[in-house]
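Chain residues, written in single-letter form:
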Amino acid sequence: ENGEDEIGEITISPSEHIFNQFDILYEWNEAAKKFNKVLHLDESTSGARGTWLTDSQATYNITRRKTIECRWINDDNTATSWGNWCIYRFADRHRIVPFAVGWNGLEMELGDIVTLTHPDVAAVGAGSAYLEIMKIQTDLMAGKIIMTGFEASPPNGAHTALTDPT
């Protein structure tokens, strides 16, 4: 938006990165050396999450499970939030967008959500796209910060937002 911004080649995340069943292991018991709880998320999960996972399996003709060990999660609400993010991040393909910004981008961190206004990345009718920063590189000679973000909204916009914890 400051006239310096430029984007690189936009790609789509590969189907090898699609997962639509999850086991979130949490509440680590150090004495027993095991997790006390597991959150299973799959096509039988109720609400928007189950619909999203069912759609993912049908759209990509893939059923792939991912087990994630979360030693830092000790409560059900945090496990549910993490599970929601995993569904959003892994059950669909996303556009991957590299872009360069000036030194004003120094404050950005991995995981930040940014709005990128550029005709090549604009969501249909929106004029801009939301990206989650997944990689940051600096080019000191060019005076640029090169970031890579994945689209923080589904490319086809067809899925329901994962806000309900059911």
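Source: prediction; values computed, not measured.

1. Structural notes on the packing of aromatic side chains
Enumeration according to the criterion identifies 7 aromatic pairs in this entry. A centroid spacing of 6.0 Å and a plane angle of 85 degrees characterise the contact between Phe19 and Phe90, whose relative ring orientation is edge-to-face. On the criterion of sequence distance, the pair formed by Phe19 in the loop between β2 (11–12) and β3 (21–29) and Phe90 in helix α2 (residues 76–90) is long-range, its members being 71 residues apart. No difference in accessibility class separates Phe19 from Phe90, as the two residues are buried. A ring pair is formed by Trp82 and Trp85, whose centres lie 5.2 Å apart and whose planes are at 20 degrees; its orientation type is stacked.

2. Some words on the side chain of Ser13
Position of Ser13 among the secondary structure elements: in the loop between β2 and β3. Once residues lying within four places of it in the same chain are set aside, the contact partners of Ser13 are Asp92, Arg93, His94 and Ile96.

3. Things to note about the sheet that holds β3
Pairing is mixed in the open sheet, where 3 strands are placed in the order β4-β3-β5. Each having just a single partner strand, β4 (34–41) and β5 (65–70) make up the two edges of the open sheet. Direction aside, the axes of adjacent strands within the sheet are offset by 20 degrees on average. Pairing of β3 with β5 involves 6 bridges; the strand directions are parallel. The residue bridging Leu25 from the neighbouring strand is Glu69, located in β5.

Rules of the game
Residues numbered from 1 in each chain as written. Predicted model: local features only at pLDDT ≥ 70, side-chain atom pairs only at ≥ 80, totals over all residues. Heavy atoms only, no water. Phe/Tyr/Trp six-rings, centres within 6.5 Å; stacked < 30°, edge-to-face > 60°. Helix = DSSP H or I, 4+ residues; strand = E, 2+ residues; numbered from the N terminus. Buried < 20%, exposed > 50% of the residue type's maximum accessible area, 1.4 Å probe, protein only. Contact = heavy atoms within 4.5 Å. Pairing = 2+ DSSP bridges. Axes fitted to C-alpha atoms, helices over the stretch in contact; angles between N-to-C directions.

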